[in-house]
Amino acid sequence: MKTILKFVVAAAAVQTISLAATAASAQMTMPEACKTETSASGAMQMPGGDMGQMAEHQKAMMEGMRETEPAMMQGMMAKDPDVAFVCGMIAHHTAAINMSEIELKYGDDQQAKSMAEKIIEAQKKEVEQMTAWLSEHAK
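As the structure is a prediction and not an experimental result, all values here were calculated from the model.

A. Seen up close, the confidence of the model for the protein. Summarising the model, the protein shows a mean pLDDT of 79, and 68% of its residues fall at 70 or more. Here helix H1 (residues 2-27) stands out as the element of the protein with the lowest mean pLDDT, 46, in contrast to helix H4 (residues 110-137), whose mean of 97 is the highest. Predicted confidence for residues 1-16 stays below pLDDT 50, and this span has one contact to residues more than four positions away or in other chains.

Next comes the structure, spelled out in structure tokens:
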């Protein structure tokens, strides 16, 4: 019974964080070029209600985010605020790396691809630094 209660409390905490993130993203102002018909309301909506109608690059980006989101949420639940920050950022940077690799695979614009290459290089270095920090500081 204690295990179930711990799970329910943890699930409620993740839901609270998700709601806070949704509220924060609703307040975030994106450039007009980033807004689409399916996202004009600010809510994340998939075309046609599923991934089947998405372009391959969209599916790849969604999958990359789906892979890293649970790790980000789990990392941010650490009791130590410094560890929570670093763990969340490792997953966040991994998502940026994933998206950049997708840009390199599907993108056409050389300037965008150059940005992706720089992001991959910088974020991988930062993930290594944060991972080393965790091995020294996480209790």
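B. Focus on the pattern of salt bridges. Counted by the stated rule, this structure contains two salt bridges. A salt bridge links glutamate 63 to arginine 66; the nearest nitrogen and oxygen atoms lie 3.0 Å apart. With glutamate 63 and arginine 66 both in helix H2 (residues 56-76) and three residues apart, this pair spans about one turn of that helix. Its relative accessible area of 44% is what places arginine 66 among the partly exposed residues.

C. The arrangement of the packing of H2 against helix H3 (residues 81-106) in detail. One way to put it is that H2 packs onto H3 with a least axis distance of 8 Å and a crossing angle of 170°. On the basis of their axis angle, the class for H2 and H3 is roughly antiparallel. Facing Glu56, His57, Ala60, Met61, Gly64, Met65, Glu67, Thr68, Ala71, Met72, Gly75 and Met76 of H2, the residues of H3 in contact are Val83, Ala84, Cys87, Gly88, Ala91, His92, Thr94, Ala95, Asn98, Met99, Ile102 and Tyr106. Partitioning the contact of H2 with H3 into residue classes produces 14 nonpolar, eight polar and two charged.

D. Local environment of the environment of methionine 65. Note on placement: methionine 65 falls in helix H2. The sequence separation of methionine 65 and methionine 99 amounts to 34 residues, and the corresponding C-alpha distance is 8.2 Å.

E. Focus on the nonpolar core. Residues Val83, Val86, Ile90, Ile97, Ile120, Val127, Met130 and Leu134 constitute the largest nonpolar core, which totals eight residues. Of all elements in the fold, only H3 and H4 reach the threshold of two or more residues within this core. Once you skip the residues sitting within four places of it in the chain, isoleucine 120 turns out to touch Ile97, Ser100, Glu101 and Leu104.

Conventions used here
- Residues numbered from 1 in each chain as written.
- Predicted model: local features only at pLDDT ≥ 70, side-chain atom pairs only at ≥ 80, totals over all residues.
- Heavy atoms only, no water.
- pLDDT = per-residue confidence, 0-100.
- Helix = DSSP H or I, 4+ residues; strand = E, 2+ residues; numbered from the N terminus.
- Contact = heavy atoms within 4.5 Å.
- Salt bridge = Lys/Arg side-chain N within 4 Å of Asp/Glu carboxyl O.
- Buried < 20%, exposed > 50% of the residue type's maximum accessible area, 1.4 Å probe, protein only.
- Axes fitted to C-alpha atoms, helices over the stretch in contact; angles between N-to-C directions.
- Parallel < 35°, antiparallel > 145°, perpendicular 65-115°, else oblique.
- Nonpolar A, V, L, I, M, F, W, Y, C, P; charged D, E, K, R; others polar.
- Core = buried A, V, L, I, M, F, W, Y, C linked by side-chain atoms within 4.5 Å.

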